[in-house]
Every structure is written in C-alpha cells, then in structure tokens.
Amino acid sequence: MSATTAGGAFRFREIYEREPEGAWGAPGRVNLIGEHTDYNEGFVMPLALPHLCRVEAARRDDGVLRVHSSDQPGGVVELTLDGLAPVAEGFAGGWAAYPAGVAWSLRTAGHRVGGADLHFESTVPTGAGLSSSAALEVSTGLALDDLYGLGLDRPSLAEVCRRAENEFVGVPSGILDQMAAACCTEGHALYLDTRDLQRRQVPFDLALEGLRLLVVDTRVTHELGDGAYAERRRGCEAGAAALGVRALRDVPLDGLDEALGRIEDPVVRRYVHHVVTENDRVRQVIALLDAGETRAVGPVLTAGHRSLRDDFAVSCPELDLVVEVAVDRGALGARMTGGGFGGSAIVLLDEVLVDDVREALVLAFAEAGYAEPEVFEAVPSAGARRLTP
Ligand code: ADP
Ligand code: MG
C-alpha cells in the first residue's frame, strides 16, 4: 500500500454495514533535531512524513465506541464510553487503548463526545520511531472533533492526545509526537518550544538545494527501550532538581560547565550535558536554515547523534552503524531519531549520493548480520487533516 492510498470507504461499509461520515488522516513524523528535549520543556523540530494513519468514522447515538484496524488482528473492538478506564485500571483492549484513550481524554476534559464507529488503515510503520501511535491518536481526535463539532485548535488537540497516551495508555511520552502530527505543514519543519507550544513553520525544501533527507528504519526494537525512557526522564528531573530549575530547558549553554560542577551523580551529569547541548543544536539548525545554509545542518545532526550515543546512552549498534556508514560515504550528517534503542535514523545528503549510501547501508547491515533496513525519503508533508469529502 502506498502512503496515500488506503482501502477507501469500502472497508468501513464492509465492517460496519453503514456509510462513513468522512475520512480523516494524521501523519507519522521524523524529528530533525531536538531529541529527548520535549520532557525537559525544550525545543524540537519535527517534520511530517507522507505516511498517514487514515480513519473513516461515523457517529453513534448509543454511547458505544467501535474500533477496527486493518493493521491489527482481532477484528472489531466494542467499548462503552461510560465504562472506559485507563490501562492501569484494567482496560484490556490492546491497541484499542489509543483511540479509546482519545475519547476518554476528550470526555474527561469536558468535551461532549458520543459514540462512533472508527476504521483505521495506516501506512506509518509501527514501532519504527516514526510515531504511529500519535498518528493513530491525532487522526482519532480530529475525527471526533469534527464529527461532534468541538472546535479544538491544533495545540489543544495535541494535548488531548498526549493525555490519552500518558494517562490512558500509560506511556510517559512528551508532546513532540502529537504536536508534529497535529501541526506540521507541507514543505516545512516545525520549530516548537515545548514549554509554551509556541511554534514556527521553518521552510525546509531540500530538493531546491539538491539535497535529500533519508529515513533508515533499522527494523529493530530493543526491549530496553521502555524502562530506559522512564529512567532518562527521572535522571533529567533529578538534574533539574539539583540545579534548582523548573526544567533543564532553563540551564543556559554558557552556564553548562558551572551547572555540571554542581551535580554529583556522573550519569545525571551526562544527561544534563546532552539536553542542554541538544537544545542549543536546535537553535543552531534554525539559524542555519534561516540563513539558507542547509548543508551546514549536517554536522549538527551528527554531533546530536554522538551526544545521544555517548552522553544520553540511548543509541544501539544498528543506529550507530547507519550514522557511521552514511557519514563515511559522504553524507552531510546523520543521527538516530525518536526515542532510541532501535527504530530509525535520518541521513542528510546530496541527492547524487542517495543510491550509493543506500547500497552501502544495505551491504553493511548484511555484513553485520542485521536484517535489511528500510530506506525511504522524508518529504516534509502535511499534518492532520480531513481527507473527505
Ligand atoms: P511508534 O509510535 O514509534 O510507532 P509505539 O509503541 O509508540 O511506536 O506505538 C505503536 C503502537 O500503536 C502499536 O503497537 C499499536 O498498538 C498502535 N498502533 C499504531 N498504529 C496502529 C494502527 N494503524 N492500527 C492499530 N494500532 C496501531
Ligand atoms: Mg509512539
């Protein structure tokens, strides 16, 4: 299935034996720079992918939520809105926790949302660090917002979806993924201040300069991931507490050495070093893009990777191999993207090098005994939107 086609209304009709009222979509994303900064109230810079989670939906007047996904076995999951309780309190519907969580999040925020039939088809690979979960949440949120005339603005929609993931599903993620799915626009990277959700669309037209951004999905997920994410969050909170600031975002780069001297735990010190320098790398990338110096973004990406690998310790051999091989073959820069411990890396390079680097990656992975990586181009695409009528 391509990124833009999906089964169409036919599937919805087949499953629910009625007509959908419309179709909505929300994309996956890659983060250009600004990793593990969102839960430190720092800066991020995602762009939306053409890969889309598409939902067809129709209201129900009996307070029942029915969900179905072409990408998950098990058929239709039927739930009663009034009885919804988070996963930690016993919800046992598997993947349905994401759309159910969005309905729960809307209702507990006081929005008048009734039942619905929802059918999902997605081209966002799951668990690849490209945020299929946020695409699922935001497409659900947008459909319910539209069907029930809630009139939520995009940041509010993202907040609702984040609360679904944090409090209903029980994944302690930051706001990056949901804001990316909700707010990105075609041809741009989204500069986002995660403290106050201030944002700016930064033109990001690589083709104009003969450049490309590749996504390399390593297709591995190391089990370590979930526990390590929570541990990094705790470490960052401990660092902020030791420094007497609300969040690590408040530590300026020129005060970093002094700050590090006040932290005893060497592990926390490394985490603080990553977050503070990473926030600065976001600023550097924006300044370079604004100045039209896109090629110079490459080394900043690679520096970001080293920081994630050495200071924050969230990379893995497969991701390191992508960066090493790509840079070795002449790419301008490369880094892991997303939470780490597997998932995807991005590579910024001249378009003439695309085939060469792709081949080198496939070969290096084969030699290392790893599964063949999935390589595709990241074209900055539109955020969540109504698709029909
Ligand atoms: P990521 O967001 O990086 O892809 P997550 O672990 O956060 O990885 O989310 C993946 C989970 O989201 C899947 O295991 C599944 O439960 C759910 N999910 C994502 N896309 C779909 C889909 N199209 N249909 C059903 N569930 C989905
Ligand atoms: Mg996710």
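Residues numbered from 1 in each chain as written. Chains lettered and ligands numbered in written order. Predicted model: local features only at pLDDT ≥ 70, side-chain atom pairs only at ≥ 80, totals over all residues. Heavy atoms only, no water.

**Looking at the sheet that holds strand β12 (residues 374-377)**
As summarised here, the arrangement of the four strands in space is β10-β11-β9-β12, forming an open sheet in which the pairing is antiparallel. For this open sheet the edge positions go to β10 (333-337) and β12, each flanked by a neighbour on one side alone. Neighbour to neighbour, the strand axes of the sheet diverge by 20 degrees on average, direction disregarded. Taken together, the four bridges between strand β9 (residues 211-221) and β12 define a ladder with antiparallel strand orientation. Looking at the pairing, D217 lines up with E374 of β12. Sitting on the sheet, helix α11 (residues 354-368) is in contact with β9, β11 (342-350) and β12, with an inclination near 15 degrees to β9. (Pairing = 2+ DSSP bridges. Helix = DSSP H or I, 4+ residues; strand = E, 2+ residues; numbered from the N terminus. Axes fitted to C-alpha atoms, helices over the stretch in contact; angles between N-to-C directions. Contact = heavy atoms within 4.5 Å.)

**Structural notes on the domain arrangement of the protein chain**
Frequently, the measure chosen for interface size is the accessible area that the parts lose on association. Under the domain assignment, the protein chain is made up of domain 1 (3-201 + 381-386) and domain 2 (205-377). Here the C-alpha centroids of domain 1 and domain 2 sit 26 Å apart. On the side of domain 2, 39 residues touch domain 1, which itself brings 33 residues to the contact. Counting the surface lost from both domain 1 and domain 2, the interface buries some 3,000 Å², and carbon and sulfur atoms represent 61% of this. Taken as a group, I33, E35 and H36 account for 22% of the area that domain 1 buries against domain 2, more than any other trio of residues on that side. At the boundary of domain 1 and domain 2, one finds five salt bridges. Salt-bridge contacts for D290 lead to R200; the nearest nitrogen and oxygen are separated by 2.8 Å. (Domains from an automatic or database assignment. Buried area = accessible area lost by both parts, 1.4 Å probe. Salt bridge = Lys/Arg side-chain N within 4 Å of Asp/Glu carboxyl O.)

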